[in-house]
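# Reading the structure
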Amino acid sequence: MQLQLATWQEVEAYLTQSRGIIMPIGSTEQHGPNGLVGTDALCAEVIARGVGDKTGACVAPTISVGMAQHHLGFPGSITLRPSTLIQLIKDYVQSLQRHGFERFFFVNGHGGNIATVTAAFSELYAERSLDPRSNAPGIRCELRNWWTGPGIGALSKQLFGDAEGSHATASEVSVTQYAFPDSIKSARMEPKVAPRGKFYDADDYRRRFADGRIGSDPSLATPEHGKRFYETAVDEISVDYRKFIADDPVGG
Ligand code: NI
């Protein structure tokens, strides 16, 4: 069930059955010569919706802009400061908490979000831990990166080997090609596999990674591969969502 396509009465009825909700979160940032600026948000969204369809879970609106300061050297990239993203996540969670949601399962599409999202969870827990007299229900938050399941890792290794890389990867570009076939782009990769390495701010990133990629060859992406990544991710993440909800009967 997509929250945005439900009425408030349907949400109220859902809450009598489950206190869990899936929160897709991504980023709006450059993804190399053939990757869409929305790649991370789009991957998180389509996979989260697939998990929602498979498990019957409610899926919240996608948080489409994340922590991407290092990509600002490339046109189209948008970032929230870590402090802004923490406040945004707290407001989303606490709004939903007011209605009775207690289990928040974030499906993440962007590695650069991990530290900030985890910090937001700690801020949420700290508010209750520091106020033991609070009447607010205890909440639990989980962060699940769509690309980290064992099936996804095996598929990536099989299809792309070392050319998967870590940014503008062939697997994420494949997922968007499968989900948005009208927006498939072609581009020549030079060099074929992008350099690897660390980076600091946006200017530093652009100097080190001229076309935006890190360690990847996304010209290997195809919509057919994307279908396999999508289906594998939905299967693996659905199992993890069910485990997360079943971990405490109160949350079921
Ligand atoms: Ni990405």
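Presented here is a report on the structure given in the accompanying data block. Predicted, not measured: the structure shown is a model, and the values here were computed from it.

### What about the packing of helix H6 (residues 170-179) against helix H8 (residues 223-246)?
Packing of H6 against H8 leaves a shortest axis separation of 7 Å and a crossing angle of 100 degrees. If you check the angle between H6 and H8, you find them roughly perpendicular. Contacts from Ser171, Ser174, Val175, Gln177 and Tyr178 in H6 reach Pro223, His225, Gly226, Lys227, Phe229 and Tyr230 in H8. Its residues placed into classes, the contact of H6 with H8 shows five nonpolar, five polar and one charged.

### Looking at unusual backbone geometry
Cis peptide bonds are those with omega within 30 degrees of zero, and the linkage from Glu190 to Pro191 qualifies with 0 degrees. Relative to the helices and strands, Pro191 resides in the loop between H6 and helix H7 (202-208). Positive phi, close to 55 degrees, is recorded for Ala168, a residue that is not glycine. Its location among the elements puts Ala168 in the loop between helix H5 (150-160) and H6.

### Re the coordination of the nickel ion
Distances from the nickel ion to its protein donors, His31 (NE2), Asp40 (OD) and Glu172 (OE), fall at 1.9 to 2.2 Å. We note that the donor set of the nickel ion lies within a single chain, spaced as H-x8-D-x131-E. Taken together, the residues span a long stretch of sequence, with His31 in the loop between strand E1 (20-25) and helix H2 (39-55) and Glu172 in helix H6 at a distance of 141 residues. The same class applies to His31 and to Glu172, which are both buried.

### Section: the packing of aromatic side chains
The final tally for this structure, using the stated rule, is eleven aromatic pairs. Consider the rings of Tyr178 and Tyr230, whose centres lie 5.6 Å apart with planes at 45 degrees: the pair is tilted. With Tyr178 in helix H6 and Tyr230 in helix H8, the pair connects residues that are 52 residues apart, well separated along the chain. Ring pairs connect the aromatic residues Phe74, Phe199, Tyr205 and Phe209, which therefore count as one cluster.

### Notes on the pattern of salt bridges
Using the criterion set out here, one finds 13 salt bridges in the structure. The partner of Arg188 in a salt bridge is Glu190, with the nearest N and O atoms 3.2 Å apart. Note on accessibility: Arg188 and Glu190 belong to one class, exposed. Measuring nitrogen to oxygen at the nearest pair gives 2.9 Å for the salt bridge that ties Asp204 to Arg208. Taken together, the residues span about one helical turn, with Asp204 and Arg208 both in helix H7 at a distance of four residues.

### Notes on the environment of Leu143
Among the secondary structure elements, Leu143 is positioned in strand E4 (residues 140-145). The spatial distance from the C-alpha of Leu143 to the C-alpha of Met23 is 9.3 Å, given a sequence separation of 120 residues. Excluding its chain neighbours within four sequence positions, the residues that come into contact with Leu143 are Phe106, Asn108, Ile114, Val117, Thr118 and Phe121.

### Side note on the nonpolar core
Membership of the largest hydrophobic core comes to 49 residues, with the highest contact counts inside it found for Ile22, Ile47, Ile89, Phe104, Phe106 and Trp146. Considering every element that reaches this core, the biggest residue donor is H8, with eight residues. If we skip the residues at most four places from it in the chain, Trp146 touches Cys43, Ile47, Val107, Asn108, Gly109, Ile152, Ser171, Glu172, Val175, Ala233 and Ile237.

### Let's talk about H8
Its 24 residues give H8 an end-to-end C-alpha distance of 34 Å, which sits within 8% of 34 Å, the value for a rise of 1.5 Å per residue. For H8, every residue scored as buried is listed here: His225, Gly226, Phe229, Tyr230, Ala233, Val234, Glu236, Ile237, Ser238, Tyr241, Phe244 and Ile245.

### Comments concerning the pairing of E4
Remark: a regular strand shows side chains that alternate across the two faces of the sheet. One ladder, built from six bridges, connects strand E3 (residues 103-108) with E4; its direction is parallel. Considered in E4, the bridge of Arg103 is made with Arg140. Note that the unit made of E3, helix H4 (residues 114-129) and E4 has a crossover that is right-handed.

### Notes on helix H1 (residues 8-15)
Of all the positions in H1, only Val11, Tyr14 and Leu15 are classed as buried. The arc that holds the buried residues of H1, viewed along the axis, is 100 degrees, so those residues lie on one side. On its buried face, H1 is in contact with E1, strand E2 (58-59), helix H3 (82-99) and H8.

What counts and what doesn't
Residues numbered from 1 in each chain as written. Predicted model: local features only at pLDDT ≥ 70, side-chain atom pairs only at ≥ 80, totals over all residues. Heavy atoms only, no water. Axes fitted to C-alpha atoms, helices over the stretch in contact; angles between N-to-C directions. Helix = DSSP H or I, 4+ residues; strand = E, 2+ residues; numbered from the N terminus. Parallel < 35°, antiparallel > 145°, perpendicular 65-115°, else oblique. Contact = heavy atoms within 4.5 Å. Nonpolar A, V, L, I, M, F, W, Y, C, P; charged D, E, K, R; others polar. Donors = N, O, S within 2.8 Å, 3.2 Å for Na, K, Ca; no water. Buried < 20%, exposed > 50% of the residue type's maximum accessible area, 1.4 Å probe, protein only. Phe/Tyr/Trp six-rings, centres within 6.5 Å; stacked < 30°, edge-to-face > 60°. Salt bridge = Lys/Arg side-chain N within 4 Å of Asp/Glu carboxyl O. Core = buried A, V, L, I, M, F, W, Y, C linked by side-chain atoms within 4.5 Å. Expected span 1.5 Å × (residues − 1). Pairing = 2+ DSSP bridges. Right-handed = clockwise from strand over helix to strand, strands pointing away. Arc of directions from axis to C-beta.

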